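# Residue-level structural notes
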Amino acid sequence: GLEAEPLGGAGDYLREPYFQGGVWRYAAVHVGGLEALAEAVRRTVRGFGDAANEAQLHRVARVAGLAHGARLFVTDAACRVEAPGAGEEEVALSLAARETVETACLEAMALADRALGTRSFLTGHPVDLLRRDLGFFLGRLTLMASFGGSAGPFASLVLLTRDAPAVGISELAGSGGVLVLAPR
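Just so we're clear, the structure is a prediction, and the values are computed from it rather than from any experiment. (Residues numbered from 1 in each chain as written. Predicted model: local features only at pLDDT ≥ 70, side-chain atom pairs only at ≥ 80, totals over all residues. Heavy atoms only, no water.)

### Brief notes about the overall build of the protein chain
The test is simple: Counting from the N terminus, the helices are DSSP H or I runs at least four residues long and the strands are E runs at least two residues long. Relative accessibility decides the category of a residue: with a 1.4 Å probe and only protein chains considered, values under 20% of the type maximum give buried, values over 50% give exposed, and everything between is partly exposed. By the convention used here, residues are in contact when the closest approach between their heavy atoms is within 4.5 Å. The method behind every accessible area is Shrake-Rupley, applied with a 1.4 Å probe, and residues are considered shielded solely by the protein chains displayed.
Across its full length, the protein chain holds 4 helices and 3 strands. Along its sequence from the N terminus, the protein chain presents helices and strands in the succession α-α-α-α-β-β-β. A buried classification covers 37% of the 184 residues belonging to the protein chain. Considering only intrachain contacts with a sequence separation of at least 6, the fraction spanning at least 24 residues in the protein chain is 60%. Of the roughly 10,900 Å² that the protein chain leaves accessible, carbon and sulfur atoms contribute 59%.

Structure, rendered in structure tokens:
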């Protein structure tokens with residue numbers, strides 16, 4: 001059989017600053033998607049050669065700036081939350097980083113569509129695939145929060161695979177229990 005050892009003590013998972021403060025990890029994944037989107041937009045516009053217009057180039061620059069700024073914000077939040085003595089201010093910074101990254105991703109997806117026009121919607125185009133995946137993963141936190149989780153903005157954890165429906169796990173406020181939410 002399997003042998004296992006407990007990691008930490010009872011309640012460690014919910015202890016701050018690591019529970020809500022740890023949301024920087026979600027944001028880091030989203031930043032990775034944002035950076036991939038920025039690179040795909042850049043490559044596509046670069047492929048236009050001399051046909052690329054000033055508005056497209058401006059949008060490429062804006063998407064790159066959003067990705068860079070998001071990375072800096074998440075890196076700062078991660079360093080502060082994981083430092084010894086982290087507290088409420090660091091948790092707030094991590095939550096703000098996640099919100100900022102989500103806003104940057106949504107803006108970048110819109111800019112990508114505007115920079116590339118209908119090309120960004122072609123089935124199989126790298127920008128189409130990245131935009132859809134990023135939009136899907138960003139929407140999971142919002143969707144699960146709409147089920148009524150009341151333990152704060154990031155109490156929902158969503159487990160996803162490409163072939164399975166989303167399953168959300170939300171802490172029940174005050175009870176220490178777990179509620180499993182699945183679509184019907």
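### Focus on the packing of helix H1 (residues 24-46) against helix H2 (residues 54-81)
A packed helix pair is summarised by two numbers, namely the angle formed by the two axes and the spacing between the axes. Counted only if it meets this: Here, axes are lines fitted to C-alpha atoms. For helices the fit covers the stretch in contact, and angles between N-to-C directions go from 0 to 180 degrees. Note on terminology: angles under 35 degrees are roughly parallel, angles over 145 are roughly antiparallel, angles of 65 to 115 are roughly perpendicular, and the others are oblique. In this scheme the handedness of a crossing depends on how the near helix is turned from the far one: anticlockwise by less than a right angle means left-handed, clockwise means right-handed. Polar here means any residue outside two lists: the nonpolar Ala, Val, Leu, Ile, Met, Phe, Trp, Tyr, Cys and Pro, and the charged Asp, Glu, Lys and Arg; Gly therefore counts as polar.
Where H1 meets H2, the closest approach of the two axes is 9 Å, and the angle between their N-to-C directions is 160°. In terms of orientation, H1 and H2 fall into the roughly antiparallel class. In the packing of H1 onto H2, the handedness of the crossing is left-handed. In the contact of H1 with H2, the residues fall into 19 nonpolar, 1 polar and 3 charged.

### So, the environment of Ala55
Considering the arrangement of structural elements, one finds Ala55 in helix H2. Overall, Ala55 belongs to the partly exposed group, its relative accessible area being 36%. Through-space distance from the C-alpha of Ala55 to that of Arg114 is 9.1 Å; in sequence the pair is 59 residues apart.

### Thoughts on the confidence of the model for the protein chain
Predicted coordinates in regions of low pLDDT should not be interpreted in detail. Here is the rule we go by: Residue-level confidence of the predictor is what pLDDT reports, using numbers from 0 through 100.
The predicted model of the protein chain has a mean per-residue pLDDT of 78, with 74% of residues at 70 or higher. Scored below 50 in pLDDT, residues 147-184 makes 63 contacts in the model with residues more than four places away or belonging to other chains.

### Overview of the side chain of Arg131
Note the following rule: Throughout this description, a polar contact denotes any pair of N or O atoms lying within 3.5 Å of each other; where both atoms belong to protein, one of them has to be capable of donating a hydrogen while the other can accept it, and for residues adjacent in sequence the pair is counted only when both atoms sit in side chains.
Considering the arrangement of structural elements, one finds Arg131 in helix H4 (residues 126-145). Within the structure, the side chain of Arg131 is placed 2.7 Å from the side chain of Asp113, a separation counted as a polar contact. At a separation of 2.4 Å, a polar atom in the side chain of Arg131 contacts the main-chain carbonyl oxygen of Ser120. With sequence-adjacent residues up to four places away left out, Arg131 is seen in contact with Leu37, Met109, Asp113, Ser120 and Phe121.

### Focus: the packing of aromatic side chains
Filter applied, for reference: Stacked, tilted and edge-to-face are the three classes assigned to paired rings of Phe, Tyr and Trp, where Trp is represented by its six-membered ring and a pair needs centres within 6.5 Å; plane angles under 30 degrees give stacked, over 60 edge-to-face, the rest tilted.
One pass over the full model with this rule turns up 1 aromatic pair. Taking 5.5 Å as the distance between ring centres and 85° as the angle between the ring planes, the aromatic pair formed by Phe136 and Phe137 counts as edge-to-face. Classification of Phe136 as partly exposed rests on a relative accessible area of 37%.

### Quick notes on H2
How we decide: Expected helix span is computed as 1.5 Å times (number of residues minus one).
An ideal rise of 1.5 Å per residue puts 40 Å on 28 residues; H2 measures up with 41 Å between its terminal C-alpha atoms. All of the buried residues along H2 are Gln56, Arg59, Val60, Val63, Leu66, Ala67, Ala70, Val74, Ala77, Ala78 and Val81. Tucked inside the fold, the buried residues of H2 contact H1 and helix H3 (88-116). The backbone nitrogen of Ala55 has a side-chain oxygen 3.0 Å away, supplied by the residue at the start of H2, namely Asn53.

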